[in-house]
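Here is what each chain is made of, one letter per residue.
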Amino acid sequence: MATRFVIFFVLLCTVELSVGITLDGKDSWAKFTKWNPCQNGSLKFDFKTTQLNALLIYADDGGEFDFFEVKLVGGVVWLRVNLAREQLPVVLKVGQKLSDNKWHSIEINRADDRVTLLVDKEKQSNKLPGDDLNFGSLETNSFLFVGGLPIGFELSSLALPSALFEPRHRGDIRNLLYSNCSGTYRRPLMLDAHGVRTNGLDLCDKNNPCQNGGICISTDTGASCDCSKTDFMGEHCGIAKIPSEATFFGQQYLSYDLSSKGKLSSRGSPILSSNDEISLYFKTKQANALLFYTGDSNVNAGDSHDFIKIALENGGIAISVNLGYGVFRMNTGDERFNDNTWHRLVARRESRQISIFLDGERKQTGTATGTFSMLSSTVLYVGGAPVDKNIEQLKAVVNFRGCLKKVTYRADSITLEIIELVRNKHSLITVHGDVLLNKCEKLHYSSPITFSTTTSFLKAPKWEAKHSGTISFQFQTNEKNGLLMYNNGRVAKSDFFALEILEGYLFLIIDLGSGAIKEKVSKGIVNDGKPHKVFVNHSGKFGTVTVDTEEVSYTAKGNSDELNLEGILFIGGVDSTEGTYMLPRELWTAMLGYGYIGCLQDLIINGDVFHLEQMAKHQKVAGVIHECHATSPECPNRPCLHSGVCQEGWNRFICDCSATSYYGPACNKVAATLTFDGTQHMKVEMPEESRTEAEDISLRFKTKRLHGLLFVTASGKTADKIELSVDNGRVRLDINLGSGTQTLYGGVGLTDNQWHTIRVKRRLKAIRLEVDGNDIANGEITGDETLLRVNNLFVGSVANSEEQMQGDASLLGLKNVALGKRQNDDPTPKRNQEPFVGQIQQFIFNNNRFIEMAKSGKISNIELTAVFSEKGPEEICKPDACDHGGRCIQQWDSFTCDCDMTSYTGSRCSEDSVAYRFGDTPSLITYTYPDQKRPHTKNDQIALGFRTGEIDAVLMRIESGNSNDYLEMELVSGNLFVVYNLGSMDHPVGELFHIVNDTKYHVVRFTRSGPNSTIQVDNWAKQTKNPEGNQLNVFDNQARIYIGGKKGNDQSIVRPFKGVLSGVVYNHLRILDLAKQGDEQITIQGDLREETDPDKSVTTKSPDPPVIMPSSTDTATHRMQSTQTEETTTTKSMTPTTTTKTTTQKATTTTMKPVPTVKKDVETTSVVSTAKPTTRTTTTTVKSTTTVKHISKPKAKPRKMTTTQAPVKMIPTTTDEFIFSGESSGCVSDDEEDCGSGATDDIISPTPTITIIPSTKVTKKPSGSKEPCDDDDNDCNGSGSGSVMGILPETTTEDLFISSPETSSTAAPTPELVQTSPDKTAAKSTTANPNAEPEPEYSPKDTAMSTDSPLIITVNMTEEVIKSTTSVFHSSQTTSRTPGNIGGVNENPDETEGDLNLFLIIGIAAGSLVALLILAFIIYKVRKRSNGSYKIDEGKNYQDSKEPLQANGDGTGKTPSPIKTKKGDVKEWYV
């Protein structure tokens, strides 16, 4: 002691002389007098080191909340300050690369509520939170520690416990000065120290004694070795450590808790880190379990609290990270690691970047959500967690079963060796349960099996538990009811043991001969689809059942302490041949017909392992699968037919068909129907009285009678009964268990001869009556009796037969059952009950289908006098039963239509849905989900109709209330897209082949299943999206639905929609209908009005007119892309105000040649399309723009004729000269700048065209006009070349050819001729001049033309044609007609020729100007080119452009050849 005092005195003298200390870094620290900064104090010092991480200064208020900590983290100085309760510390970071073994100065200054950190010449400051800004009190504050904390420091005395685990400083500290309460700087006195060197000799430079990677440290007493980073120990790290292994058995786990709630109840502030690393080794056969969890215990933070969670999921590794901005999830995919071999796991977080390494190989990387990068950790769990912890990520957690070793958690500079701390019994870590240390115990495992049917079960020897015994196993299911185990005693209904799941909870039923007890042994539901471990420990009349980590005790009735079991231990169900009347009445699952559906594994009885898969093979049990895995939900696929209600089961779907006229696995079989005339019945007789404590009964009936007995049960010895009847148009239920009758009523007006569904449910004394799914009545039986005794159940007339029927009675579980009317031998007290007249079907009593059993004839003890009705549905579903693609749902005698995905409504989906017009003012409809009813969906469906001319707008958007999840339908450059994000990345899917802002009515159908999606517009090809890799599936916490736009950050309406929206349905929610009804969840903003006729509203933007392309022998020169979309036929009726436009889609480029037909003096050349229309008929008026180019001379001389413009019949042929995409711009280049934008024509090779208004008038030959010259004459004006625009009006012409550039010489079949009726022509009139010459009718017959490819018309023109054509430029549709100017045609040829020349010059000049403008536009677009917002893989997101086009009625039976495009040219789309 004297020697130590002398050394310490010398050290103090040395410190005073040198004003500095050197710390060796091995358990070193120095303690100085207290620092009292008040609110204006300061502290400064210099340091020098080569360490990246080290604790430099620490002081606190004695373990409450306040502290100052200065440390090096990666060569950067961190200052952490906390002066307020329930607040996170302030963190300041200054400097870079300060571990360079050079002197650096640090200064800390306080100025009221601000603190400043100055390192060398760089500084940073921040405001301190809270109102109490004093640093503790001088009396209770701790001393100031430099370089580290003493090893024996108690965690409870630290405000920041993590400081104890910081690396110690190895280097120099000098010039340590305090300024207390704004006073002058003073040098503090060092009170104690350890590991402070008095000389600077480097003893490790020449003689390093450390082995196996140990770090050599120079001390005053010699070289020392730090073995903490190795697997060795000893003076020189030469002795191998005992493996830091631990065995977990499924109920154990390790933890620490640093929750900041006060000195006595917790251990201080959390660990704050910007980088984390979790490394461990694991070995298990368990597929699902928690490995590691750390995070903030502030449960009030909701989904925003920080955490890192690592778990086994289906044999793979899954990591979840939340830094306060939403949960990020990532897993290793399909690779499995539960193979009972050692695997090394490393999970690393660097700010927001997350990586998973397994066995040295990187498996996954990702980026956490949001912008935050710091993690706050107050709790840590290894190998499991308490299930009652109020943290969402730890609810129903499955504890680990297997071995762990070398579990290390690094948070920036802090390193925690978890199992080493447990071995050293450090107070930081708490051990829950008996964790086996220093050994990896061999655990008993068995391969899992799955019971896939309710009738499958296994048999095991009886459970030997006369005085004591144990059973343990693991199960996994999502079904609410199921029998897990049952073992009977020596005598029926005596000793027995059972485990069953009822309504999602686990129950133990046990009887030692003095009466059964039924205990709920799970505190939470166990049908959550997660694995649950069960351990039953029975001893005498006492025992415990542990479910996961929750233990429940039980005590059997009576004085007996022996459980005498015999026979067989049934697993997963019970043998139906035993008869339900032989089973204990307390065993509800067996009485109700529920077998277990789910997984079972690791069955250990009295320490013996039972290999279930081998038992199943040996017993040849059907319905047992030798694996366990959960499949994706099946109900979104709507597997239940005829309106059956789908419920998710374990790897199956369950169809509730009780409210339909069908039954079977998918409600696919017609249910048998019995007809009762008041004298008929059905009776089921059992050989032994049935006793039950629970019943499930359902039936359907229809009748016109106000009264009638549906069914009644009765006992031959007691007054027990259940009676259901129709009473004055209502349903009446009477139940008597011997202590009086309880009566319930339900429904009203049930005698309408319509089917009504009745359900009766009893559990002990609680009864429930349900009528048609919504009228529900609940009641409770009086008295203490809970047992229903049944000998008879009646419906029908008197049964005269006294023959005792045995047969297959054991299958029914009842003594005597009949339907319709009480029989004469009913021993129960009679109420004046009329017989039933009507029909009954779907009668199900405790899962027994009595009517189907009777019809099958296999049950001999059913007596039946009622008649089966063979009448089937009067109306059945047909392909065209529902309009607009509605889904037909078969009912018993009719069908209904599901119109959700059509945008229409009505009984047959033929009526317009509610529609709203969104005007010029930005408008928005918002639907807000109630806070307690916000859905979380794995599958979504959207359908709506719309029409608009907008290029960019949002149609609808669904947003999450607590994350970045969203789904948005939008228009981008006229294309329709849906973009959704489920927490990882945006997934766009859209219709790229068609422009939809064409003011036509379009119907959109979108479906999402997990990350995969499909979109279809109208009847065009479906576009699909199947993202690669591991994707999130759930759209969490849906809060708002926006229709017609979305809200920006400033709550303004962004990208508003302008047009009409109709029939908006999202997941069966009709938003616009709710808006019309004034629903309280709906908010409406802006200029909105209801549209009464959304399909025929006024067109605001004319569709693009068809373009007739010029023909040429040089196809390369004149080839161009066409955007023609429709052909317009205008028919003038007797009512001058009506103009009807028939719009049809065109499918292919066509080659046609008309055959002239002469009748008297009028020759009509008619070409009529045979293409079928594929779009709607709308009401509008559109002018047609056409282009005609004259080509080579025909060999035959022209004949004089007068033509009447008539419909043109096209004979389609194929061509590969035109590239187009539906009704879009026709461009398939991978560069959008090669194409135009919008829906107008984008012509790559500019060709000037002149637009004319086509006329359909018949032109009389002017007097004195010349005969048209022959084509061979050299003096014919315009012979052989020249062009006019449009379908030629009022002309006399020769042959008219319509062809493609490469097929014009190919003979086409003769088209059908359509001649205008003279009668119809005479009947026509105009508004301008009723007495004018009548016009020929433009017959709408077969006028559909292909819109997908351009039309090329080749015309041999005569001078007469040219002359008459020029009249178009001098007339309009409203020009008055006079004898001298018929139809607006100038009869002076010279004047006409002059005008023609003038207009040709003007046309050429205008065409040149157009070409220059297009060229300038292209240059402008290239220079302003956008990078795009979406990059979509063409291989997955849209249809291959090489898909053949559909044949279009050419009469040849040939399919047109596909359009040729280079696949390599279509690399990606940028929208």
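Located above this text is the structure these notes cover.
Here goes a summary of the coordinates provided. Along each chain, numbering runs from 1 in the same order as the chain's sequence is written. Under the rules for a predicted model, residues below a pLDDT of 70 receive no local features and side-chain atom pairs below 80 are neither given nor counted, while totals for whole chains, interfaces and linings still include all residues. Hydrogens and water are ignored here; the side-chain numbers use all heavy atoms of the structure.

### Describing the nonpolar core
Phase 1: Side-chain atoms within 4.5 Å link the members of a nonpolar core, which is a set of buried Ala, Val, Leu, Ile, Met, Phe, Trp, Tyr and Cys residues. Between buried and exposed lies partly exposed: a residue is buried under 20% and exposed over 50% of the maximum accessible area for its type, with that area taken using a 1.4 Å probe on protein chains only. Membership of the largest hydrophobic core comes to 57 residues, with the highest contact counts inside it found for Phe282, Ile310 and Leu404.
Phase 2: Throughout, a residue-residue contact means that at least one pair of heavy atoms, one from each residue, lies within 4.5 Å. With residues up to four places along the chain from it excluded, the contact list for Ile310 reads Ile278, Leu290, Leu291, Phe292, Ile317, Ala318, Ile319, Leu345 and Ala347.

### Here we look at the state of the cysteines
Phase 1: To count as a disulfide, a pair of cysteine sulfur atoms needs to be within 2.5 Å. Counted by the stated rule, this structure contains 11 disulfides.
Phase 2: The disulfide that involves Cys204 links it to Cys216, with 1.9 Å between the sulfurs. Across the S-S bond linking Cys204 and Cys216, the dihedral sits near -80°, which makes this disulfide left-handed. Linking Cys204 in the loop between strand 14 (196-197) and strand 15 (215-219) with Cys216 in strand 15, this pair joins segments that are 12 residues apart in sequence. Cys216 matches Cys204 in its accessibility class, with the two residues each being buried.
Phase 3: Each sulfur of the disulfide joining Cys882 and Cys897 lies 1.9 Å from the other. One quick way to see it: the torsion about the S-S bond of Cys882 and Cys897 is about -90°, and its sign makes the bridge left-handed. You can see Cys882 sitting in the loop between strand 71 (867-868) and strand 72 (887-890) and its partner Cys897 sitting in strand 73 (residues 895-898), a full 15 residues away along the chain.
Phase 4: With a relative accessible area of 6%, Cys882 lands in the buried category.
Phase 5: Taking the relative accessible area as the measure of exposure, Cys897 reaches 14% and is therefore buried. Going along the chain from the N terminus, every DSSP run of H or I of four or more residues is numbered as a helix, and every run of E of two or more is numbered as a strand.

### Let's talk about the sheet that holds strand 7 (residues 90-94)
Phase 1: A strand pair is defined by DSSP finding two or more bridges across the two strands. Strand order in the open sheet made by the seven strands is 7-6-5-4-11-2-13, with antiparallel pairing throughout. Here the strands that pair on one side only, and so sit at the sheet edges, are strand 7 and strand 13 (190-194). Within the sheet, the average angular offset between the axes of one strand and its neighbour, ignoring direction, is 15°.
Phase 2: Pairing analysis gives four bridges linking strand 2 (residues 29-32) to strand 13, with the strands arranged antiparallel. The residue of strand 13 that forms the bridge with Trp29 is His194. What counts as an axis is a line fitted to C-alpha atoms, over the stretch in contact for a helix, and the angles between N-to-C directions run from 0 to 180 degrees.

### Side note on unusual backbone geometry
Phase 1: At Asn1067, a position not held by glycine, the phi torsion is positive, near 50°.
Phase 2: Its location among the elements puts Asn1067 in the loop between strand 89 (1059-1066) and strand 90 (1069-1070).
Phase 3: Located in the positive-phi region is His1068, a residue other than glycine, with phi close to 70°.

### Considering the environment of Ile271
Phase 1: With respect to the helices and strands, the residue Ile271 is situated in strand 21 (residues 271-273).
Phase 2: The spatial distance from the C-alpha of Ile271 to the C-alpha of Val379 is 9.4 Å, given a sequence separation of 108 residues.
Phase 3: Not counting residues within four places of it along the chain, the set of residues in contact with Ile271 comprises Ser162, Tyr256, Leu258, Leu375, Ser376, Ser377, Ala411 and Ile414.

### Quick notes on helix 4 (residues 612-619)
Phase 1: Leu612, Glu613, Met615 and Ala616 are the residues of helix 4 that are buried. Around the axis of helix 4, the buried residues are gathered within 160° of arc, so they sit on the same side. Looking at helix 4, the residues exposed on the side facing more than 90 degrees away from the buried face are Lys617 and His618.
Phase 2: Packing partners of the buried residues in helix 4 comprise strand 36 (449-451), strand 37 (458-461), strand 47 (598-605), strand 48 (608-610) and strand 49 (624-625).
Phase 3: Following helix 4 by one or two positions, Lys620 has its phi on the positive side, about 50°. This arc is built from the directions going out from the helix axis to the C-beta atoms.

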